[in-house]
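# Structure at a glance
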Amino acid sequence: MRETMWIYAAFISLLSGAWSQGSGLKPGVVRHSAFNLGSDANLTCSNKTRAETFYVIWNLNLTDKFCKIAFSNDGRHENSCNDGKTLRDTASAQSFLHISNFSSDDVGTYTCQSAYKGGGDRHEFKVSITVPPSISSWLERRDNKLVAVCKAERGKPAANISWSHVLNSTTVETTLADSNGLFTVESHLKLPEGVDIEKLSCTIRHPYWPEEKILLPKLRKGYVPWLCVIIVVVVVVVFVVLIGIIFIVRKKQTLRRGQQSNNPASSKSSPSDNVEEVEPYASYVQRVNSIYNSSAELFTQHPAHASGSHLSAHT
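Residues numbered from 1 in each chain as written. Predicted model: local features only at pLDDT ≥ 70, side-chain atom pairs only at ≥ 80, totals over all residues. Heavy atoms only, no water.

All right, on to the nonpolar core then. Membership of the largest hydrophobic core comes to 24 residues, with the highest contact counts inside it found for Leu 43, Trp 58, Leu 60, Leu 97, Phe 102, Tyr 110 and Val 127. Broken down by secondary-structure element, the contributors of at least two residues to this core are strand 2 (41-43), strand 3 (53-62), strand 4 (66-72), strand 7 (95-99), strand 8 (108-116) and strand 9 (119-130). A per-element tally of this core places strand 3 first, with 4 residues. Not counting chain neighbours up to four residues away, the residues in contact with Val 127 comprise Ser 33, Phe 35, Leu 43, Phe 102, Asp 106, Val 107, Gly 108 and Tyr 110. Counting 16 residues, the second largest nonpolar core, distinct from the first, contains Trp 163, Cys 202, Ile 204 and Trp 209. (Core = buried A, V, L, I, M, F, W, Y, C linked by side-chain atoms within 4.5 Å. Buried < 20%, exposed > 50% of the residue type's maximum accessible area, 1.4 Å probe, protein only. Helix = DSSP H or I, 4+ residues; strand = E, 2+ residues; numbered from the N terminus. Contact = heavy atoms within 4.5 Å.)

This is the structure:
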């Protein structure tokens, strides 16, 4: 089998050399082709039928490999790609290379050589992929200014973004490419005060779409302006500080009461307690004084009465 392939390769090389030296071989043609992601792609090397063709050789220099697909009119076939690429025939028996479900792995340079009765062709195809971007648009505030943002993310080639006409506005656009060769385009439009945002729109164009996409920027769902965030944070901080102050004051009051209960000598009686203690003592002194006065009166009256009785008896 290996010897057969070597003989076949030598035969093809000799034919290619002979036709390249002869006047029948047409000069190489370079073409650029782009296919949409997930689509089926077809490349045609010659418009000759199989009956007229001696051989067709496709050399594929892809992103991560090099492979070959070929056939000759004696029934020999070769396909070292092993990824679904095949040689097919049209209804009129013309050969073409078919690529199903086109992806980034199929991007590369496709070189085709064909020989047929009366001449030959050589074509080179620069094959690329067209990837639709993910699109979005929104409004946000930056430095106390309203900014409209329109974004086309991870597309190939880079999308084109434009805005509906807005006077006295500034547009800043950035384009970034990632490691996979996909482009992200982001456009920022600084809006003047008092602009009617209901009439504002951004237009995105890309080769993948048959028509342009028009987006109306709106405030993002769940978007909270920075001023509201600051106000909420300040309110929370003030509330926490007040709770802390109240807690500290109550704790100090509790400790002070505990110290007073543990040291009775330091506690002072209230004025009402002093009144209750003074009033019984005053009543007692008053009663004692009234008894003393009564006794004194009796004592002073009794001698006088006795002396009077004595005088009358003596008489």
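With that out of the way, let us pick up the sheet that holds strand 9. Pairing is mixed in the open sheet, where 6 strands are placed in the order 1-9-8-3-4-5. With one partner strand each, in any of the chains shown, strand 1 (29-36) and strand 5 (77-79) form the two edges of the open sheet. Between one strand axis and the next, the sheet turns through 20° on average, direction left out of account. Direction of pairing for strand 1 relative to strand 9: parallel, over a ladder of 8 bridges. Its bridge partner lying in strand 9, His 32 is registered against Lys 126. (Pairing = 2+ DSSP bridges. Axes fitted to C-alpha atoms, helices over the stretch in contact; angles between N-to-C directions.)

Turning next to the sheet that holds strand 15 (residues 202-205). Within the open sheet, the 3 strands sit side by side as 12-15-16. Their pairing is antiparallel. Edge positions in the open sheet fall to strand 12 (160-163) and strand 16 (213-215), since each of these has one partner strand only. Shown here is a sheet whose adjacent strand axes are inclined to one another by a mean of 25°, direction ignored.

We now examine the packing of aromatic side chains. For the coordinates displayed, the defined rule picks out 2 aromatic pairs. Residues Phe 35 and Phe 102 carry aromatic rings whose centres are separated by 5.4 Å and whose planes lie at 50° to one another, so their mutual orientation is tilted. Placement of Phe 35 in strand 1 and of Phe 102 in the loop between strand 7 and strand 8 is noted, with a sequence separation of 67 residues between them. Residue classification places Phe 35 among the buried positions, given a relative accessible area of 14%. Across the ring face of Phe 71, the terminal group of Arg 50 is positioned such that the distance to the ring centre comes to 3.9 Å. When the ring centre of Trp 209 is taken as reference, the NZ or CZ atom of Lys 213 above it lies at 5.4 Å. (Phe/Tyr/Trp six-rings, centres within 6.5 Å; stacked < 30°, edge-to-face > 60°. Lys NZ or Arg CZ within 6 Å of the ring centre and 35° of its normal.)

Here the focus is the environment of Lys 190. By the secondary structure assignment, Lys 190 is in strand 14 (residues 183-190). A C-alpha to C-alpha distance of 8.5 Å links Lys 190 and Val 172, two positions 18 residues apart in sequence. Discounting chain neighbours no more than four positions away, the residues touching Lys 190 are Leu 146, Val 147, Ser 169 and Thr 170.

Take the side chain of His 188 next. Structurally, His 188 can be placed in strand 14. Assessed through its relative accessible area of 13%, His 188 is described here as buried. Looking at His 188, its side chain comes within polar contact range of the side chain of Arg 142, at 3.1 Å. Apart from the residues lying within four places of it in its own chain, the contact partners of His 188 are Arg 142, Val 147, Ala 148, Val 149, Thr 170, Thr 171 and Val 172. (Polar contact = N/O pair within 3.5 Å; in protein donor to acceptor, adjacent residues only side chain to side chain.)

Our focus in this paragraph is the pairing of strand 3. When you tally the buried positions in strand 3, you get 7 out of 10 residues, the bulk of the element. Bridge count between strand 3 and strand 8: 9 bridges; the pairing is antiparallel. Residue pairing for strand 8: Trp 58 is matched across the bridge by Cys 112. As defined by bridge partners, strand 3 adjoins strand 4 across 7 bridges and the pair is classed as antiparallel. If you follow Trp 58 over to strand 4, its bridge partner there is Ile 69. In this antiparallel pair of consecutive strands, strand 3 and strand 4, the connection spans 3 residues.

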